[in-house]
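# Remarks on the overall topology
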Amino acid sequence: MKYQVKKTKDLTEAEIKHILELWDISAWSTMNSSYFRSFFRDSEFHFLMDTDENILAIMRVNFDFTIQIADTDYSFAEAVGLVSAHKKKGYGAALVRYFKENVTQRNLETIGFCHSDLRLFYEKCDVEILHDKAKMIKENVDSEWVNAEDDDILIFHTTQERKERLNQLNSQNNAYLMTKE
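Read on for a plain summary of the structure.

Thresholds applied
In this numbering scheme, every chain counts its residues from 1 along its sequence in written order. Restriction of local features to residues with pLDDT of at least 70 applies here, the model being predicted, together with a cutoff of 80 or more for giving and counting side-chain atom pairs; totals for whole chains, interfaces and linings are based on all residues. The basis for every side-chain value is the complete set of heavy atoms in the structure, and neither hydrogens nor water enter the calculation. Definition used in this section: a nonpolar core is a set of buried Ala, Val, Leu, Ile, Met, Phe, Trp, Tyr and Cys residues joined via side-chain atoms within 4.5 Å. Accessibility here uses a 1.4 Å probe with only protein chains present; expressed as a share of the type maximum, an area under 20% marks a residue as buried, one over 50% as exposed, and anything in between as partly exposed. The way it works is that DSSP assigns letters per residue, a run of H or I at least four long becomes a helix, a run of E at least two long becomes a strand, and they are numbered from the N terminus. Contacts: residue pairs with any heavy atoms within 4.5 Å of one another. By salt bridge we mean one thing: a side-chain nitrogen of Lys or Arg within 4 Å of a carboxyl oxygen of Asp or Glu. Paired strands, as defined in this entry, are two strands with at least two bridges between them according to DSSP.

### With respect to the nonpolar core
In terms of nonpolar packing, the biggest core is built from 22 residues, with Leu48, Val96, Phe99, Tyr122, Val127, Leu154 and Phe156 touching the most fellow members. Breaking this core down by element, the ones donating at least two residues are strand 3 (55–69), strand 4 (72–84), helix 3 (91–105) and strand 9 (152–157). Look past the residues within four positions of Leu48 in its chain and what remains in contact with it is Met1, Lys2, Tyr3, Asn54, Ile55, Leu56, Ala57, Tyr91, Ala94, Leu95 and Tyr98. Ile67, Phe76, Met136 and Ala175 belong to the second largest nonpolar core, which has 18 residues in total.

So this is what it looks like as structure tokens:
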């Protein structure tokens, strides 16, 4: 197995096709590689590959992620789209461990999100979890602020101060997802 990181522009046509197959999101299924590269331009991709360069597991890092807490903006790298090509083989867990080591070495402030049913998986991967804090992040949907769908915030790497700010989120102290216009 080999761990690899690629910028969006460096992905091959075959890798893009395989990523879209693994993600299996109907709205993206017809995305061509040119549009993919544009759509995910603020991202990088983390892979676990076999000896024949086949993707065993993938995760995307979104660098266009900012939340506002009490009028202060906090930018993070956001870990999303973790998928393993083969279930129950340990590839996803292995990728998470490599990923966590990578962002720590690069001192890249990185968080992610998950539903409560995935807590056990991330606990086994030694990822710190802020339980039920993701629900305190509001997203603007059709000009209305609504709670995020995820339950937990995953701490891959961040400062103690930022972690404490995230851990202080509650129904009276929400965070707001800032999107570029």
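That covers the picture; the talk isn't over yet.
### Brief notes about the pattern of salt bridges
If you walk through the whole model with that rule in mind, you get 12 salt bridges. Salt-bridge contacts for Glu53 lead to Lys2; the nearest nitrogen and oxygen are separated by 2.7 Å. In this pair, Glu53 is assigned in the loop between strand 2 (43–49) and strand 3 and Lys2 in strand 1 (residues 2–7), connecting sequence segments 51 residues apart. By relative accessible area, Lys2 is classed as partly exposed at 36%.

### Some remarks on the pairing of strand 10 (residues 175–178)
Where burial is concerned, the two faces of strand 10 differ: the one with Ala175 and Leu177 is buried and the one with Tyr176 and Met178 is not. Pairing of strand 3 with strand 10 involves 4 bridges; the strand directions are antiparallel. Bridging across to strand 10, Ile69 finds its partner in Ala175. Where strand 7 (residues 137–141) lies against strand 10, 2 bridges are found, and the strand directions are parallel. Paired with Lys138 across the strands is Tyr176, a residue of strand 10.

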